Amino acid sequence: ENVLHRNEGAGSGHWLHVRLTGTSSNRSAVGARVRAVVGNVSMTREITAGAGYLCESSLDVEFGLGEATVVETLEVRWPSGIVDVAVDVAADQVIDLMEGMWMTGVADAAAARVGPALYANTPNPFNPSTLIRYELPSETTIDLTIFDLSGRLVRTLVDSEARIAGRHTARWDGLDDSGRSVGSGVYFYRLEAQGGALTRKMILIK
């Protein structure tokens, strides 16, 4: 007979869950492979449609991280051939990832990048604040802005300021340019720099 078990153990380790939504690939992301690198350990999960009689595999990807608080590299290889890669992903969160949301490549995610890179914010979803990370291949002037779903400018974090080459971070505290707290919902952060403009999604929960 089929039996349903419930795990009531009080685990003390850290974790990361990834929920995928395909665009070029199938919406359920069946066939996608997700790899998490923590220290010297590399873990891979594959999204499957089923595993046996009268059962269905979870479409969420789950990683147990033990004592690690950061996933150094999180890579998603979609059935379409697109590869999404993020670095330094904070533990203990659920990430909703749409195909092509992070820096992408069709053949090889490790190929050299000639333009700016905009990474996934952490934490996401967040409350009350989140860190936005980006990387510049050379010194340049940038704009970093926040928009709501309607495309309305909510906050300007960096306004035509020079930044040296390398990795940078900016914090958004959930306030608009007038200092007022914004409501829960989906927002977009946009980096404009020499070499291109990149946009990513984040979720504010209150």
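To be clear, the structure that these remarks concern was listed above.
The structure presented is a predicted model; accordingly, all values stated were derived computationally and were not measured.

**Q** Summarise the packing of aromatic side chains; cite the residues concerned and give the values.
**A** Considering all chains together, one arrives at two aromatic pairs under this definition. Each ring, one from Trp 172 and one from Tyr 187, has its centre 5.4 Å from the other, and the planes form 65°; the classification is edge-to-face. One end of the pair, Trp 172, is in strand β13 (residues 166-172); the other, Tyr 187, is in strand β14 (residues 185-193), and 15 residues separate them in sequence. The rings of Phe 126, Trp 172 and Tyr 187 are connected pair by pair, giving a single aromatic cluster.

**Q** Run through the sheet that holds β13, naming residues and quoting values.
**A** Across the sheet, three strands lie side by side as β9-β10-β13; this open sheet has antiparallel pairing. Single-partner strands in this sheet number two, and they are β9 (117-118) and β13. By the bridge criterion, two bridges tie β9 to strand β10 (residues 130-136) in an arrangement that is antiparallel. Its bridge partner lying in β10, Ala 117 is registered against Glu 135.

**Q** For the sheet that holds strand β11 (residues 140-148), give the residues involved together with the corresponding values.
**A** If you walk across this open sheet you meet the four strands as β12-β11-β14-β15, and the pairing is antiparallel. Looking at which strands have only one partner, the edges of the open sheet turn out to be β12 (153-163) and β15 (196-204). Pairwise comparison of adjacent strand axes, ignoring direction, gives a mean angle of 15° for this sheet. Sheet topology places β14 next to β15; nine bridges connect them, and they run antiparallel. Residue pairing in the sheet places Arg 190 in a bridge with Thr 199 of β15.

**Q** How would you explain the pattern of salt bridges if you had to name every residue and give the values?
**A** Within the structure shown, the criterion is met by 13 salt bridges. Taking the shortest distance from any N to any O, the salt bridge between Asp 60 and Arg 19 comes out at 3.1 Å. On the criterion of sequence distance, the pair formed by Asp 60 in strand β4 (residues 60-66) and Arg 19 in strand β1 (residues 14-21) is long-range, its members being 41 residues apart. The class of Asp 60 is partly exposed, set by a relative accessible area of 25%. The class for Arg 19 is partly exposed, based on a relative accessible area of 39%. In this structure, Glu 161 engages Arg 163 in a salt bridge whose closest nitrogen and oxygen atoms are separated by 3.1 Å. Given a relative accessible area of 35%, Glu 161 falls into the partly exposed group.

**Q** Residues and numbers for unusual backbone geometry, please.
**A** That bond from Thr 122 to Pro 123 is cis: its omega, -10°, falls within 30 degrees of zero. For Pro 123, the position within the fold is in the loop between β9 and β10.

**Q** Explain the nonpolar core to me, using residue names and the numbers behind them.
**A** Leu 16, Leu 20, Phe 63, Leu 65, Val 71 and Leu 74 are the most contacted members of the largest nonpolar core, which totals 25 residues. At the level of secondary structure, the elements contributing two or more residues to this core comprise β1, β2 (33-38), β4, β5 (70-77), β6 (83-90) and β7 (93-98). Dropping the residues within four chain positions of it, Val 71 is found in contact with Leu 16, Ala 36, Val 37, Val 38, Leu 65, Val 87, Asp 88 and Val 89. With 21 residues, the next largest nonpolar core counts Phe 126, Leu 136, Leu 144 and Val 158 among its residues.

**Q** Please provide a residue-by-residue account of the environment of Met 43, values included.
**A** Looking at the secondary structure, you find Met 43 in strand β3 (residues 41-46). Taking the relative accessible area as the measure of exposure, Met 43 reaches 14% and is therefore buried. Sequence separation between Met 43 and Leu 157 is 114 residues, and the spatial gap between their C-alpha atoms is 36 Å. Here Met 43 is in contact with Val 34, Arg 35, Ala 36, Val 38, Phe 63, Gly 64 and Leu 65, once residues within four sequence places are set aside.

Conventions adopted
- Residues numbered from 1 in each chain as written.
- Predicted model: local features only at pLDDT ≥ 70, side-chain atom pairs only at ≥ 80, totals over all residues.
- Heavy atoms only, no water.
- Phe/Tyr/Trp six-rings, centres within 6.5 Å; stacked < 30°, edge-to-face > 60°.
- Helix = DSSP H or I, 4+ residues; strand = E, 2+ residues; numbered from the N terminus.
- Pairing = 2+ DSSP bridges.
- Axes fitted to C-alpha atoms, helices over the stretch in contact; angles between N-to-C directions.
- Salt bridge = Lys/Arg side-chain N within 4 Å of Asp/Glu carboxyl O.
- Buried < 20%, exposed > 50% of the residue type's maximum accessible area, 1.4 Å probe, protein only.
- Core = buried A, V, L, I, M, F, W, Y, C linked by side-chain atoms within 4.5 Å.
- Contact = heavy atoms within 4.5 Å.

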